[in-house]
Amino acid sequence: MTTLKQPLPRFINTVIFTLLVICTLPTQAQDVVQVDHAWAGETHAGQTVGAAYMNFLSKQDITLTHVESDLAKTVEIHSMSMENNIMKMRMLESLPIHAGKTAKLAPGGLHLMLFDLTKPLSQGDILHLTLTFSTKDRSTFKQTLKVPVKRISNEHGDHSHHHH
Ligand SMILES: [Cu+2]
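Residues numbered from 1 in each chain as written. Predicted model: local features only at pLDDT ≥ 70, side-chain atom pairs only at ≥ 80, totals over all residues.

Caption draft 1: Up close: the pairing of strand 2 (residues 50-58). Counting buried positions over the 9 residues of strand 2 gives 7, a clear majority of the element. Sheet topology places strand 1 (residues 33-41) next to strand 2; 6 bridges connect them, and they run antiparallel. The residue of strand 2 that forms the bridge with Q34 is L57. Relative to strand 8 (residues 111-117), strand 2 runs antiparallel, the two sharing 3 bridges. Pairing of A52 across the sheet is with L112, part of strand 8. (Buried ≥ 20, exposed ≤ 12 C-beta atoms within 10 Å, placed from the backbone. Helix = DSSP H or I, 4+ residues; strand = E, 2+ residues; numbered from the N terminus. Pairing = 2+ DSSP bridges.)

Caption draft 2: Up close: the nonpolar core. With 26 residues, the main nonpolar core has A40, A51, A52, L112, L114 and L127 as its most contacted residues. The dominant element in this core, judged by the number of residues it contributes, is strand 2, at 5 residues. (Core = buried A, V, L, I, M, F, W, Y, C linked by C-beta atoms within 7 Å.)

Caption draft 3: Highlighting the pairing of strand 9 (residues 126-135). Two strands pair when backbone bridges link them, and strand 3 (residues 62-69) and strand 9 are joined in this way by 7 bridges, in the antiparallel orientation. Bridging across to strand 9, V67 finds its partner in L131. Bridge count between strand 9 and strand 10 (residues 140-150): 9 bridges; the pairing is antiparallel. Pairing of L127 across the sheet is with V147, part of strand 10.

Below is the structure:
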């Protein structure tokens, strides 16, 4: 550390002030959370629900609190688990994402459930999702994703077999 014997020149003050402003700007999503392997499952004609999956990796503890889509009226965060040999889906109010730990949304587990699709999802379509996250200090930020629609391999996650 160097000790300053004279008062800081004016321009230094300006620089410091500017840095402080930059540091207190709203959190930028891309700096905090990385989203990859995002995809949504193809739906059959007449099917009004779909599901989307992705991986989250965050630098800090955050919570996914809200999701919106251009092709679905509502989007819910769901968990899926086996209970007495029956697959059960549960709506989560929010999804905690822990720092440095990949949170995986995948067929058969956590997923984003798309309700009242405005059109069937076909392979090659792009679905837009806007995710809202909150941080520990209760600030929020949004991230918009372009999610490609892919054909579901039939083993897992065909939501046409699930009932709500
Ligand atoms: Cu679901």
